Amino acid sequence: MDSNNPYLLLTPGPLSTTASVKQTMLRDWCTWDEDYNLGVVQPIRNTLTKLATAAAGYSTVLMQGSGSFSVESVIGSCVPKQGQLLVLVNGAYGERIATMARQLNIDTLCLVASETQSVSTRELNEFLKLNQNITHVATVHCETTTGILNPIEQYAPIIKQHQKVWIVDAMSSFGGMPIDMDALGIHFLISSANKCIQGVPGFGFIIAKESELENCKGLARSHSLDLYDQWHTMEQGQGKWRFTSPTHVVRAFQKALEELAQEGGINARHARYQKNHDVLVNGMTELGFRCVIEQDKQSPFITTFHTPDSETFDFKTFYTCLKKYGFVIYPGKVAQTPCFRIGHIGDVQPADIEALLNAISNNRYWV
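In this report, we go over the structure that sits alongside the text.

Thresholds applied
Residues numbered from 1 in each chain as written. Predicted model: local features only at pLDDT ≥ 70, side-chain atom pairs only at ≥ 80, totals over all residues. Heavy atoms only, no water. Core = buried A, V, L, I, M, F, W, Y, C linked by side-chain atoms within 4.5 Å. Buried < 20%, exposed > 50% of the residue type's maximum accessible area, 1.4 Å probe, protein only. Helix = DSSP H or I, 4+ residues; strand = E, 2+ residues; numbered from the N terminus. Contact = heavy atoms within 4.5 Å. Expected span 1.5 Å × (residues − 1). Phe/Tyr/Trp six-rings, centres within 6.5 Å; stacked < 30°, edge-to-face > 60°. Lys NZ or Arg CZ within 6 Å of the ring centre and 35° of its normal. Pairing = 2+ DSSP bridges. Axes fitted to C-alpha atoms, helices over the stretch in contact; angles between N-to-C directions.

## Quick look at the nonpolar core
One finds Leu124, Trp166 and Phe188 to be the most contacted residues of the largest nonpolar core, which totals 81 residues. With seven residues, the top contributor of residues to this core is helix α10 (residues 247-263). In this structure, Leu124 is in contact with Leu86, Leu88, Leu111, Val119, Tyr155, Ile158 and Ile159, ignoring residues within four places of it in sequence. Among the nonpolar cores identified, the runner-up in size contains 23 residues, and Leu10, Leu287, Ile353 and Leu357 belong to it.

Here it is in structure tokens:
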């Protein structure tokens, strides 16, 4: 570890970034200058759209703030006053979407599963049959509460059959595994700069079907988070933002996209993340830890482990010890299960996971 990076972030974001991504933030940019708008913003928008689908008729909107700002922008801009939103919930981030929608006075229904399971296709199909007024469906792809990967490939034909507008929160998955928006029928896909693309925090983005963006005109319940106006301004102004752009963060993201391509694209990054996960789970299992999520439902982005059934285990002590060895992990977020989480995305290699396992093995004070 160098002095500027005393520890590795084994979290789901913000995450450890490369030195070259951080280096790009040392230059200042003018938010209205063509070098920035045409040379940085527009290439980012075009690249993200191509990463999401090869089909025509899609566009990318960049939005200031954390990923949650982008989620709220979509929810508050695409559901009409007489519309009804169904949220599939099996963790904190599905619950957050429902909370946003209700605070925006959107008629909202929830289909809820436990935090260790996904809403079943049978439940989804039956619910849509029984609730004909639903116009939009929102799904979290990777529910970071646990690391469970919800089966959007199985949901796709059902949502398409019922002709609903589909919003997918792909915050922790986009860029880390292949997702074809057009093939799946996703109308709005949302992610953030500081996740699998491996940029730094400061903005999110929405990749959307252009016809649905047009339908958002005049619907926004917030001026700052008006998705249509943000998109329209970027289209007409060739990359211009309505308000002050996080210029340093945006340029760092462009560098991160370049590094994604150099790594071999999304498939290669997915393979690395999967390897990180496999090394972690195999090693933790050998040390006596148990995963909360069944492996066939587990994402390659973050893994939740049961806390050891031992009176001597204390998460804070465990966390502090690992931090001294140069690793930062995450506390658990599952309501009914004592647990902790370890992320394996960002500038993290299998060798880093091996080093983490060695640190845990050398400090098994709870056994």
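## Focus on helix α3 (residues 67-78)
When the terminal C-alpha atoms of α3 are compared, their 17 Å separation across 12 residues agrees well with the 16 Å that a helix rising 1.5 Å per residue should span. Of all 12 residues that make up α3, nine are buried, and the element is covered over most of its length.

## Some remarks on the packing of aromatic side chains
Within the structure shown, the criterion is met by 15 aromatic pairs. Between Phe203 and Trp241, the ring centres sit 6.3 Å apart and the planes meet at 85°, which makes this aromatic pair edge-to-face. Highlighted residues: Phe203 in strand β10 (residues 203-209) and Trp241 in the loop between α9 (227-236) and α10, separated in sequence by 38 residues. Through a chain of ring-to-ring contacts, the aromatic side chains of Phe289, Phe305, Phe313, Phe315, Phe318, Tyr319 and Phe340 assemble into a single cluster. Note that Arg27 overlies the ring of Trp29, its terminal NZ or CZ placed 3.7 Å from the centroid.

## A short note on the sheet that holds strand β9 (residues 188-192)
Ordered by their spatial adjacency, seven strands build an open sheet running β2-β10-β9-β8-β5-β3-β4, and the pairing between neighbours is mixed. Either end of the sheet is taken by a strand with one partner, and the two such strands are β2 (58-64) and β4 (107-112). Direction aside, neighbouring strands of the sheet carry axes that sit 20° apart on average. In the sheet, strand β3 (residues 84-89) pairs with β4 via six bridges, with the strands oriented parallel.

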